[in-house]
Amino acid sequence: MPAPLQTDLTATLRPLLTELHQSPDLFQTWDAHLELVAAGGLVVVKSKRSKGLVDRLFWGRAPKSEDNKQLPEATAFAAIDRFLGLGAHLALSDALPEGTVLDEAYPHCAVKLSYRKKGAPKAKSLSMIFIGFNDEADAIAYAEGWAETLPLVTARPLISEKLHEWR
């Protein structure tokens, strides 16, 4: 079965993260951890609000560097936003088999997010690993080439032990 595109999920996630970045007062609680690997670099966004206290950390690593540096919040969120704005996304359904590494030519982002908006009856959460592509044709070609090696999502909604769509 071909891997389904995750564009609907990233289209939902993108404005939600923008809202979290620009209007955090709309949220009662949240716990966000995003790790983006793109062009050999790394961008990490960690942000949490619990019991009224907000804790945020934004850092990254330049390509071919081992030194982590703190990033401005706007820079970190802009990198994540660019990734989510790509033309198509695939997702992993499980952990990578031992020794398997994702192709660095394609950006990928691990997203673990739980939140509850003010007045909402319950919290929502998402835990997924996305791979980004310029368009659907690139994503389909990638899925066909890596179908035997990578555990790509083949059925929706994704609900596994560690990774899941919105619940």
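Residues numbered from 1 in each chain as written. Predicted model: local features only at pLDDT ≥ 70, side-chain atom pairs only at ≥ 80, totals over all residues. Heavy atoms only, no water.

I tried to follow the overall build of the chain on my own but got confused; where do I start?
If you tally the helices and strands in the chain, you get 3 helices and 7 strands. By the compact-globule yardstick of 15 Å for 167 residues, the chain fits well, its C-alpha radius of gyration being 16 Å. With respect to the principal axes defined by its C-alpha atoms, the chain has extents near 45 × 40 × 30 Å. Sequence-distant contacts in the chain: of pairs separated by 6 or more residues, those separated by 24 or more amount to 66%. Here the chain displays about 9500 Å² of accessible surface, and carbon together with sulfur accounts for 52% of that area. Averaging the locations of the 19 positively and 21 negatively charged side chains of the chain gives two centres separated by 12 Å. (Helix = DSSP H or I, 4+ residues; strand = E, 2+ residues; numbered from the N terminus. Rg over C-alpha atoms; globule rule 2.2 N^0.38 Å. Contact = heavy atoms within 4.5 Å. Areas by Shrake-Rupley, 256 points an atom, 1.4 Å probe, with all protein chains shown as cover. Lys, Arg positive; Asp, Glu negative; His and termini not counted. Charge placed at Lys NZ, Arg CZ, Asp CG, Glu CD.)

Just to check I follow, could you spell out the environment of aspartate 81 for this structure?
Looking at where aspartate 81 falls in the secondary structure, it is placed in helix H2 (residues 73-84). Considering only alpha carbons, one finds aspartate 81 and threonine 18, 63 residues apart in sequence, at a separation of 7.7 Å. Ignoring sequence-local partners within four residues, the contact set of aspartate 81 consists of Arg14 and Thr18.

It is not clear to me how the packing of helix H1 (residues 7-22) against H2 should be interpreted in this structure. Could you clarify?
When two helices pack together, their arrangement is captured by the angle between the axes and the distance separating the axes. H2 packs onto H1 with a crossing angle of 165° between their chain directions and a minimal axis gap of 10 Å. Put simply, H1 runs roughly antiparallel to H2. As H1 packs across H2, the resulting crossing turns out to be left-handed. Between H1 and H2, the contacting residues are Thr10, Leu13, Arg14, Leu17, Thr18 and His21 on the first element and Glu73, Ala74, Phe77, Ile80, Asp81 and Leu84 on the second. Per-class residue counts for the contact of H1 with H2 are 6 nonpolar, 3 polar and 3 charged. (Axes fitted to C-alpha atoms, helices over the stretch in contact; angles between N-to-C directions. Parallel < 35°, antiparallel > 145°, perpendicular 65-115°, else oblique. Left-handed = near helix turned anticlockwise from the far one by under 90°. Nonpolar A, V, L, I, M, F, W, Y, C, P; charged D, E, K, R; others polar.)

What is the right way to read helix H3 (residues 136-146) from this model?
Residue pairs spaced three or four apart in an α-helix point in one direction, given the helix's 3.6 residues per turn. Looking only at H3, the buried set comprises Ala139, Tyr142 and Ala143. Buried residues in H3, looked at end-on, bunch into an arc of 100°, giving them a common side. What points out from H3, more than 90 degrees from its buried face, is the exposed set Ala137, Glu144 and Gly145. Sitting at the head of H3, aspartate 135 places a side-chain oxygen 3.3 Å from the backbone nitrogen of alanine 137. (Buried < 20%, exposed > 50% of the residue type's maximum accessible area, 1.4 Å probe, protein only. Arc of directions from axis to C-beta. Polar contact = N/O pair within 3.5 Å; in protein donor to acceptor, adjacent residues only side chain to side chain.)

When you look at H1 in this model, what are you seeing that I'm missing?
With 16 residues, H1 extends 23 Å from end C-alpha to end C-alpha; this agrees with the ideal 22 Å at 1.5 Å per step. Of all the residues in H1, the buried ones are Leu9, Thr10, Leu13, Leu16, Leu17 and Leu20. The buried residues of H1 all sit within an arc of 135° when viewed along its axis, so they share a single face. Here the buried face of H1 lies against strand S1 (27-38), strand S3 (53-61), H2, strand S5 (88-91), strand S6 (108-117) and strand S7 (124-133). (Expected span 1.5 Å × (residues − 1).)

Where do I start with the sheet that holds strand S4 (residues 68-70) in this structure?
By definition, the strands of a sheet pair up through backbone hydrogen bonds, in either a parallel or an antiparallel sense. Read from one edge of the open sheet, 7 strands run S4-S3-S2-S1-S6-S7-S5, paired in antiparallel fashion. On the outer flanks of this sheet lie S4 and S5, each paired with one strand and no other. Across the sheet, the mean angle separating the axes of adjacent strands is 25° when strand polarity is ignored. Across the face of the sheet, H2 comes into contact with S1, strand S2 (41-50), S3, S5, S6 and S7 while running at roughly 110° to S2. Its contacts with the sheet put H3 on S5 and S7, and the angle it makes with S5 is roughly 25°. (Pairing = 2+ DSSP bridges.)

Could you clarify how one ought to interpret the packing of aromatic side chains in this entry?
Think of a pair of aromatic rings as described by two things: how far the centres are apart, and how the planes are tilted against each other in angle. Under the defined criterion, the tally for this structure stands at 8 aromatic pairs. Here the aromatic rings of phenylalanine 27 and tryptophan 30 are separated by 6.2 Å at their centres, their planes lie at 80°, and the arrangement is edge-to-face. In this structure, phenylalanine 27 and tryptophan 30 share a single accessibility class: buried. Residues tyrosine 106 and phenylalanine 133 carry aromatic rings whose centres are separated by 5.0 Å and whose planes lie at 50° to one another, so their mutual orientation is tilted. Of the two residues, tyrosine 106 sits in the loop between S5 and S6 while phenylalanine 133 sits in strand S7, which places them 27 residues apart along the sequence. With relative accessibility at 25%, the residue tyrosine 106 sits in the partly exposed group. Aromatic rings pair up to connect Phe27, Trp30, Tyr115 and Trp166 into one cluster. One Lys or Arg, lysine 124, reaches over the ring of tryptophan 166 and ends 5.6 Å from the middle of that ring. (Phe/Tyr/Trp six-rings, centres within 6.5 Å; stacked < 30°, edge-to-face > 60°. Lys NZ or Arg CZ within 6 Å of the ring centre and 35° of its normal.)

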